[in-house]
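# Chain and residue survey
Residue-level listing of the chains:
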Amino acid sequence: MGKIKVGIYWAASCGGCDVSLLEIDEQILDVAAKADFVFWPCATDTKYSDLRAYQDGSIDVVLFNGAIRTQENHDLARLLRDKAKHLVAYGSCAQMGGVIGLANLSSRKEIFTTLFGEKSLWPQEESNQDGYPLHLPAFLERVLPLVDVVDVDYVIPGCPPPKEMVSKFFEALLEGKLPEIGAVFAAEKNLCDECPRERKEERITRIVRPHEIEPKQDSCLLDQGIICMGPATRGGCGAVCPLANMPCTGCAGPTANITDQGATMLNAIASLIGTGLEGEEELEAEEAILAEIDDVIGTFYRFSLAASIFKGAQREQRG
Amino acid sequence: MAKPNDNGFEPKIVAFLCRWCSYAGADLAGVSRMTYPDNIIPMRVNCSGRVDAGMVMAAFERGADGVLIGGCHPGDCHYVNGNYKTRRRVILLKRALAEVGIKPQRLHLEWISASEGVKFQRTVTEFTRLIKGFGPSPMSEDGKN
Amino acid sequence: MSRIGVFVCHCGMNIERTVDTQAVAATLSEHSGVVYTTDYNYLCADPGQRLIKDAIVEHKLDGVIVAACSPTMHEPTFRRVAEEAGLNPYLCEIANIREHCSWVHKDRDRATQKAIRIVKTLVEKVRGNQPLEPLRIDHADKCLVIGGGIAGIQAALDVAESGFEVILVEKEPSIGGHMAQLSETFPTLDCSQCILTPKMVEVSRHPNIRLLTYSEVVEVSGYIGNYEVKIRKNPTYVDPDKCNLCGDCEKVCPKSVGSEFERGLIDRKAIYIPFEQAIPSSYTLDEEACLGLHPLRCNECAKVCEPNAIDYDMRPEYIEESVGAIIVATGYSLYPISSLGEYGGGQIPDVIDGLQFERLLSASGPTNGEVRRPSDGKIPKKVVFIQCAGSRDPEQHNAYCSKICCMYTAKHALLYRHAVPDGEAVVFYIDVRAGGKGYEEFTQHAIEEERILYLRGKVSKVYRQDDRVVVWGVDTLSSRRVELEADLVVLAISMNPHPSNLALSKVLKISCGAEGFFKEAHPKLRPVESLTAGIFLAGAAQGPKDIPEVVSQGSAAAVKAVALLTKDKLVHSPEVVDIDELVCGGCGICVDMCPYNALAVNGAGVAEVNEVLCEGCGSCVSACPTGAAQLKNMTDWQFIEMIGVALQDG
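Residues numbered from 1 in each chain as written. Chains lettered and ligands numbered in written order. Predicted model: local features only at pLDDT ≥ 70, side-chain atom pairs only at ≥ 80, totals over all residues. Heavy atoms only, no water.

### Here we look at the overall build of chain B
Within chain B, the secondary structure is distributed over five helices and four strands. For chain B, the sequential pattern of α-helices and β-strands runs β-α-β-α-β-α-β-α-α. For 145 residues, the compact-globule estimate of 2.2 N^0.38 gives 15 Å, and chain B sits close to it at 15 Å. Taking the principal axes of the C-alpha coordinates as reference, chain B spans close to 40 × 35 × 20 Å. Expressed as a percentage of its 145 residues, the buried residues of chain B come to 68%. (Helix = DSSP H or I, 4+ residues; strand = E, 2+ residues; numbered from the N terminus. Rg over C-alpha atoms; globule rule 2.2 N^0.38 Å. Buried < 20%, exposed > 50% of the residue type's maximum accessible area, 1.4 Å probe, protein only.)

The structure is reproduced here in C-alpha cells:
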C-alpha cells in the first residue's frame with residue numbers, strides 16, 4: 001500500500017491553521033513517514049494545474065482551513081471536494097467562518113469603501129496591466145463557512161485547532177480508523193466539563209472584561225463577571241484559555257445539539273445575569289448589567305456569525 | 001375603518017404564548033368574539049421563560065416578519081419568575097437584532113393575563129399594524145431569493 | 001411518527017362558519033405523515049369520540065390531532081379518548097382553531113388558511129412527541145408542622161383529625177405563639193387565652209400528634225412525599241414527666257432575666273415556665289441564663305426539686321423522621337422597637353410596643369390587667385397610640401403594611417378606655433384599614449362611642465419631659481401641628497418576618513421574598529403552597545395577617561397536606577425536563593434557573609433532574625448552553641419544525 005495522500009489548503013484565514021499542524025511535535029515524523037503532502041501551497045511548490053490533474057477522489061484527505069471569502073476560495077473548495085476522498089473543515093474559519101465571518105456585519109461595498117475609498121480605486125475583477133489582462137477573484141458579498149459550499153466530512157475545530165485534536169485526527173488517519181462521516185474531532189460535551197474552575201452557581205451581578213479584574217484562579221470566570229463562552233462551546237482543547245486566566249471565546253463551536261452558538265450563549269447569559277433576586281423592580285439593575293456587554297454580536301458570535309441563523313447583517317436599517 | 005398602513009403587505013407573525021396567561025388571554029379574546037388580524041400564528045409554550053433566542057431567530061429565519069412573546073404579568077408567572085428571564089433575554093436579543101440590522105421592534109414582549117382578552121386583541125392589532133408598516137423582514141426576503 | 005390522524009371539528013357552526021373544515025382536512029391529508037383526516041360536527045360528543053376511537057384502531061394511528069376548541073377545554077377529554085383506543089394520551093394534541101381562529105376572524109378564506117397553519121404546527125409537534133407515562137411515586141404518610149403558634153396548631157389538629165400522624169415542632173418551650181400573649185381579640189373581644197388554650201391542650205392530648213417543643217428542624221432532604229427531616233430537641237434540663245409544677249425551683253433560682261413572654265416588662269428566672277397554661281406544662285432551664293449547668297456552681301434548683309426532675313446532663317437529642325408533607329408556620333416577630341429612635345423606641349421606658357400593651361391589658365399579665373406604665377407603675381391618664389410604626393415607610397423602615405395594627409390599635413384604645421374610664425386615648429393614623437367582617441364597625445364604635453380621638457397624621461418626634469412623654473405630630477385634616485403630653489405611648493409596630501425564616505428557607509430550600517416572609521407559589525391561586533412541591537405555608541410566616549386569616553391558612557395548608565397524604569401514589573406530569581448526559585458538561589446554569597430545585601449537578605459532573613420536582617416550565621431549557629436540557633415533548637427540534645410549518649408558504 002502506498003503512502004496516504006494529504007492535501008492542505010489555506011483559504012480566507014490568518015495562516016495560524018497551517019502553523020498549528022506543526023504543533024503535533026514528534027508525531028510529525030510518523031505523519032511524514034506514512035503520508036505524502038500532494039498539495040500544500042503554503043509549504044510545497046504545487047500549482048492549481050497540478051491539482052486539476054489529479055483524478056477525482058485521489059487525495060485521501062484534504063484539510064481545508066479558512067473561510068470562503070473570494071470566488072477563488074469558492075472554486076478551490078469545489079475542486080478540492082472533487083479531488084478529496086475526505087474533506088476536513090480545519091479550524092474555526094472553515095467550520096463556521098471564524099473571526100473573518102464578522103466581516104459579514106459589513107457589506108462588500110462598506111468594506112471596499114473603508115479599505116480603498118473611492119470606487120475608482122476598488123480592485124477590478126478584470127483589468128489590464130501593462131498590456132496583459134489581469135484577473136482578480138471576485139470578493140463575495142458574504143463570508144461563508146466551507147459547509148455552505150460543499151459537503152464536509154469531518155471537522156477539526158479551534159482557532160487554531162489545538163494539538164490534542166490535530167493529533168487525534170492524524171492518529172486515526174494513519175491507523176486507517178477515521179470515524180463515521182460527520183464526526184467532530186473534539187469533545188461531545190462543553191468546555192465546562194474539562195475546566196477545573198469551580199462554578200458556585202451564582203448570578204452574574206456585573207460584567208467585566210478580562211483586563212479589568214484579576215480573576216481568581218480556581219473559580220468560574222462567569223461567576224466573576226467575565227463572559228466565558230465555555231458553556232456554549234465544545235471541549236476537547238483542555239480548557240487552555242480558562243487555565244491561562246482568559247475566558248473561552250468559543251472557537252471550537254457549539255455542541256452537537258446546538259445550531260446557533262451565539263443565540264445559545266446569549267440565552268445563558270441573559271438567564272444568569274441579575275441581582276440575585278427575580279422581580280419587577282430588578283429591571284433597571286438588570287438593564288444596567290446587560291448594558292455592560294459592549295458588542296453583543298462580537299461577543300457571542302466571535303467565530304460563528306457566518307454560520308449562524310443571521311449569517312451576517314441584514315439590510316433593513318443601518319445607523 | 002381607516003387603514004393607514006394598508007400597503008397590501010400581509011406579514012407573517014409568530015406568537016409564543018404562555019399557557020397560563022397569554023394563551024388563556026387569547027382564548028378569552030375568542031370567547032368574547034373580539035376580532036383581530038389573522039396574520040398571527042399562535043404557539044403554546046408552558047412559560048414565556050421557555051422562549052429562547054434560538055426559537056425567535058428560527059422564526060425570523062423561516063420567514064417571520066415579526067415575533068410576539070406573551071407572558072404573565074410581573075409577579076404572576078405560574079412558574080415563579082420565568083417571565084423575568086425572558087424579559088432579560090429579549091433585552092439582549094433586541095440588541096443583537098439591531099446589531100445585525102433587523103428592526104428590534106420586530107420582536108415584541110407583552111404581559112397579557114388570562115383576563116386580558118382586550119389587551120391581547122389590542123396587542124395583536126397594533127403589532128400587526130407596526131409590522132405591516134415595516135414591510136417584509138429582510139430575512140424573509142432572503143428566504144424568497 | 002408516520003401514521004397521524006387529523007380530526008377537524010365543526011363545533012356546530014362555531015368553527016364551520018368561518019373555517020372551511022373540509023378544506024382544512026383535505027389540505028392536511030397532503031401533509032407528510034398524515035394518513036387519515038376527517039371533519040365532524042361535534043367531536044366532543046359521544047359519537048364524535050367514538051369516531052376518533054374507531055379511526056385510531058382502524059387506521060393504526062400513532063398520533064392524533066383534534067382541531068377544535070382551546071386545549072384548556074377538551075385536552076383531557078380527547079387524551080382520554082386516545083387512551084381508551086390504546087394510544088398513549090401524550091400522542092394526542094389539540095389544535096385550537098376556535099378561540100384562536102374561527103371566533104376572531106371574519107374572512108373565511110384567510111381564516112381557513114390560518115387554521116391550516118395552526119393544525120400543521122400541531123402535526124409537527126405530535127410527530128416529535130414520545131409516548132409518556134405519568135410518574136407515580138410512593139410517599140411517607142406523616143406531616144411535619146414547623147411552628148406551634150395558632151397557625152401551626154390549627155394545621156396540626158386538622159391533619160391529625162384526618163387520621164395522619166403529625167410531628168409538631170416548636171422552637172420555644174411552649175406552643176401558643178403570639179396569640180397566647182394577647183389579652184382580647186378584635187373585633188369580638190374574646191379572651192385570647194380562653195379560646196387558644198383548649199386548642200393547645202387538644203394538641204398535647206391528640207394521639208396523632210407528636211409534639212416536640214424547644215426543638216428546631218436542622219436538616220431536610222428529599223422531595224414531595226418523601227422528605228427526610230432531622231430535628232434537634234434542645235435540652236430543657238427538666239424531665240417533663242417528673243416535673244409537678246410546684247415552682248420551688250423558680251423561687252430559689254438566683255438568676256433573673258427579662259421574660260420573653262412578658263416582653264421584658266418583668267423578669268423571669270433562669271428556670272421558668274413561660275406562662276401558666278404552657279404546653280407542655282413543665283419547667284425549662286435556660287442554659288444561657290443559668291449560672292452554670294454544674295452542680296458545683298449553683299445547684300439550687302436541683303436541691304429543692306422533690307421529684308428529681310432536674311438533670312444537668314441532658315444533651316440535645318436528634319430525631320429523624322420521614323414525612324410526606326411539611327407545613328411551615330413560623331409566625332412573625334416585631335420590628336425591633338429600638339430601631340424606632342424617632343419615637344423614643346428603646347430609650348423612653350414609657351414608649352412600648354403593642355405586644356407589651358397586650359400584656360398590660362391581660363388579666364394574667366404582670367399587672368393583672370391593670371394598665372400601669374413601666375417607668376413608675378402609675379396608671380396612665382393619657383395614652384397616645386402611634387400607628388404604622390415601622391410600616392409603610394420604604395425610606396426608613398418596612399415598606400409594607402402590617403395589616404393588623406389598625407385593628408389592634410382600635411382594640412387597645414378601647415380596652416384602655418374600659419380599664420381607665422377617665423383616661424384619654426389619642427390615635428395617630430395614616431389611614432384606618434379595617435377590611436374584614438365586623439372590623440369597620442368595630443373601629444367606628446371605638447371612634448364614636450368610646451370617645452377615642454383619631455388624628456390623621458404622622459408623628460415626627462417623641463421625647464421625654466420630666467415624667468411625661470411629649471408627642472409632636474401633625475393633624476393633616478386640620479393642617480395643625482399637634483403637641484401632646486402623654487403618660488404612655490404605644491407603638492403599633494410593624495410585623496417582621498420571624499428571624500429564623502432565612503435559615504429555615506435554606507434548610508427547606510424554599511424562598512423568601514425581599515422582605516423576608518416566605519414566598520407563596522402564587523399570590524392569588526396558590527397562597528398556602530411554597531414553590532417546592534409538598535411544602536406548604538400557613539399564617540404570618542408568609543406575610544402579615546390576623547388570627548382568622550391565619551387559622552384559615554392553617555386549615556387550608558392542612559387540606560393541601562392531607563390531599564397529598566391521602567393519595568395512594570403521587571402522580572406527576574411526565575412532561576418534564578430530560579438531560580442528554582452525552583452532551584451535558586455540568587456547567588450548572590440550569591441548576592440556577594430552576595425555581596423548584598429540581599436540578600443538581602451530580603458526582604459524574606452531569607446535571608440530574610428530579611422529575612418529581614420538575615414542573616416543566618423550561619427555564620432551564622432556554623438557559624442550557626449545550627442543548628442537553630430538553631423538555632419532553634416540547635424540544636427545541638419540535639419547536640423549529642413547528643415554526644417552519646407555521647410560516648411555510650402555500
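### Observations regarding helix 7 (residues 192–205) of chain C
All names here are of chain C. Between its terminal C-alpha atoms helix 7 stretches 21 Å, which fits the 20 Å expected from 14 residues at 1.5 Å a residue. Residues of helix 7 that are buried: Ser 192, Gln 193, Leu 196, Thr 197, Met 200 and Val 203. Along the long axis of helix 7, the arc covered by the buried residues comes to 115°, so they all point the same way. Buried residues along helix 7 sit in contact with helix 6 (150–161), strand 7 (165–169), strand 8 (184–185), strand 9 (190–191) and strand 10 (209–212). (Expected span 1.5 Å × (residues − 1). Arc of directions from axis to C-beta. Contact = heavy atoms within 4.5 Å.)

### Notes on the interface of chain A and chain B
Between chain A and chain B, the contact holds 37 residues from the first and 30 residues from the second. When chain A packs against chain B, close to 2,800 Å² is buried across both sides, 59% of that on carbon and sulfur atoms. Considering only the side of chain A, the residues that lose the most area to chain B are Ile 309, Phe 310 and Glu 316 of chain A, jointly responsible for 24% of the buried surface there. Our enumeration of links across chain A and chain B arrives at four salt bridges. The shortest N-O distance in the salt bridge between Arg 87 of chain B and Glu 280 of chain A comes to 3.0 Å. Seen at the junction of chain A and chain B, the total is 15 residue pairs in polar contact (both at pLDDT 80 or more). Those elements giving two or more residues to the side of chain A that touches chain B turn out to be helix 9 (261–272), helix 10 (283–291) and helix 11 (296–300) of chain A. (Buried area = accessible area lost by both parts, 1.4 Å probe. Salt bridge = Lys/Arg side-chain N within 4 Å of Asp/Glu carboxyl O. Polar contact = N/O pair within 3.5 Å; in protein donor to acceptor, adjacent residues only side chain to side chain.)

### Concerning the sheet that holds strand 11 (residues 215–223) of chain C
All names here are of chain C. Spatially, three strands are ordered 11-12-17 in an open sheet, and the strand pairing comes out antiparallel. Edge strands, defined here as strands with exactly one partner in the open sheet, are strand 11 and strand 17 (317–323). Direction aside, neighbouring strands of the sheet carry axes that sit 20° apart on average. Sheet topology places strand 12 (residues 226–233) next to strand 17; seven bridges connect them, and they run antiparallel. (Pairing = 2+ DSSP bridges. Axes fitted to C-alpha atoms, helices over the stretch in contact; angles between N-to-C directions.)

### A short note on the interface of chain B and chain C
Residue-level contacts link 47 residues of chain B with 47 residues of chain C. Of all residues in chain B, Asp 38, Arg 50 and Arg 62 of chain B give up the largest surface area on contact with chain C, accounting jointly for 17% of the area buried on that side. Our enumeration of links across chain B and chain C arrives at six salt bridges. Asp 649 of chain C is the partner of Lys 12 of chain B in a salt bridge, and the nearest nitrogen-oxygen pair spans 2.6 Å. Between the two partners, chain B and chain C, sit 20 residue pairs in polar contact (both at pLDDT 80 or more). Those elements that place two or more of their residues in the side of chain B that touches chain C are strand 1 (13–18), helix 1 (22–31), strand 2 (40–45), helix 2 (53–61) and helix 3 (82–99) of chain B. Considering only residue class, the side of chain B that touches chain C consists of 24 nonpolar, ten polar and 13 charged. (Nonpolar A, V, L, I, M, F, W, Y, C, P; charged D, E, K, R; others polar.)

### Points about the pattern of salt bridges
Summed over the entire model, instances satisfying the criterion amount to 67 salt bridges over all chains. When the shortest N-O distance is used, the salt bridge between Glu 286 of chain A and Arg 88 of chain B registers 3.0 Å. Taken together, the residues span two chains, with Glu 286 of chain A in helix 10 and Arg 88 of chain B in helix 3. Grouping residues by exposure puts Glu 286 of chain A and Arg 88 of chain B together as buried.

### Re the domain arrangement of chain C
By convention, interface size is frequently given as the accessible area that disappears when the constituent parts associate. All names here are of chain C. Once the domains are mapped, chain C shows domain 1 (4–134), domain 2 (142–234 + 316–331 + 498–566), domain 3 (248–304), domain 4 (333–496) and domain 5 (576–631). Between domain 2 and domain 4, the C-alpha centre-to-centre distance is 30 Å. If you look at the interface, domain 2 gives 20 residues, while domain 4 gives 22 residues. Taken together, both faces of the contact between domain 2 and domain 4 bury some 1,800 Å²; the carbon and sulfur share is 68%. Taken together, domain 2 and domain 4 are joined by one salt bridge. Taking the shortest distance from any N to any O, the salt bridge between Lys 403 and Glu 549 comes out at 2.9 Å. Between the two partners, domain 2 and domain 4, sit five residue pairs in polar contact (both at pLDDT 80 or more). Counting only elements with at least two residues in the side of domain 2 that touches domain 4, the list comes to strand 8 and helix 14 (547–566). Considered class by class, the residues forming the side of domain 2 that touches domain 4 number ten nonpolar, five polar and five charged. (Domains from an automatic or database assignment.)

### A short note on the pairing of strand 27 (residues 488–493) of chain C
Residues and elements named next belong to chain C. The buried fraction of strand 27 amounts to six of the six residues, a majority that puts the element mostly inside the structure. Judged by which residues are buried, strand 27 turns out to be covered on both faces: Leu 488, Val 490 and Ala 492 on one side and Val 489, Leu 491 and Ile 493 on the other are all buried. Taken together, the three bridges between strand 20 (residues 351–353) and strand 27 define a ladder with parallel strand orientation. When the sheet's bridge partners are listed, Ile 352 is paired in strand 27 with Val 490. Where strand 21 (residues 382–389) lies against strand 27, five bridges are found, and the strand directions are parallel. Its bridge partner lying in strand 27, Val 383 is registered against Leu 488.

### What to know about the packing of aromatic side chains
Within the structure shown, the criterion is met by 19 aromatic pairs over all chains. Taken together, a centroid distance of 5.4 Å and an interplanar angle of 55° make the contact between Tyr 9 of chain A and Phe 64 of chain A tilted. Of this pair, Tyr 9 of chain A sits in strand 1 (residues 4–10) while Phe 64 of chain A sits in strand 3 (residues 59–65), and the two are 55 residues apart along the sequence. When sorted by exposure, Tyr 9 of chain A lands in the same class as Phe 64 of chain A, which is buried. Clustering of aromatic rings is evident, with ring pairs tying together Phe 112, Phe 116, Trp 122 and Phe 139 of chain A. Lying over the aromatic face of Tyr 23 of chain B, Arg 44 of chain B brings its terminal NZ or CZ to 5.7 Å of the ring centre. Over the aromatic face of Phe 134 of chain B sits the side chain of Lys 103 of chain B, whose NZ or CZ is 5.1 Å from the ring centroid. (Phe/Tyr/Trp six-rings, centres within 6.5 Å; stacked < 30°, edge-to-face > 60°. Lys NZ or Arg CZ within 6 Å of the ring centre and 35° of its normal.)

### What to know about the confidence of the model for chain C
Of the residues in chain C, 100% reach a pLDDT of 70 or more, and the chain-wide mean stands at 95. This complex was scored by the predictor with a pTM of 0.75 and an ipTM of 0.95. (pLDDT = per-residue confidence, 0-100.)

### Brief notes about unusual backbone geometry
In this chain, Phe 186 of chain C is followed by Pro 187 of chain C through a cis amide linkage whose omega measures -5°. Residue Ile 279 of chain C is joined to Pro 280 of chain C through a cis peptide bond whose omega torsion reads 0°. Within the secondary structure, Pro 280 of chain C sits in the loop between strand 15 (271–272) and strand 16 (284–285). Even without glycine at this site, Asp 130 of chain A takes up a positive phi of about 50°.

### Some remarks on the confidence of the model for chain B
Residues of chain B with pLDDT of at least 70 account for 92%, and the chain-wide mean is 91. Here residues 1–5 of chain B scores under 50 on pLDDT; set against residues more than four positions off or in separate chains, the count is four contacts.

### Topic: the pairing of strand 6 (residues 142–146) of chain C
Every other side chain in a regular strand lies on the same face of the sheet, so the side chains alternate between the two faces. All names here are of chain C. Burial within strand 6 is extensive, with five of its five residues counted as buried. By the alternation rule, side chains of strand 6 split into Lys 142, Leu 144 and Ile 146 and Cys 143 and Val 145, which are all buried. Relative to strand 7, strand 6 runs parallel, the two sharing five bridges. Bridging across to strand 7, Cys 143 finds its partner in Val 166. Taken together, strand 6, helix 6 and strand 7 form a β-α-β motif whose crossover is right-handed. (Right-handed = clockwise from strand over helix to strand, strands pointing away.)

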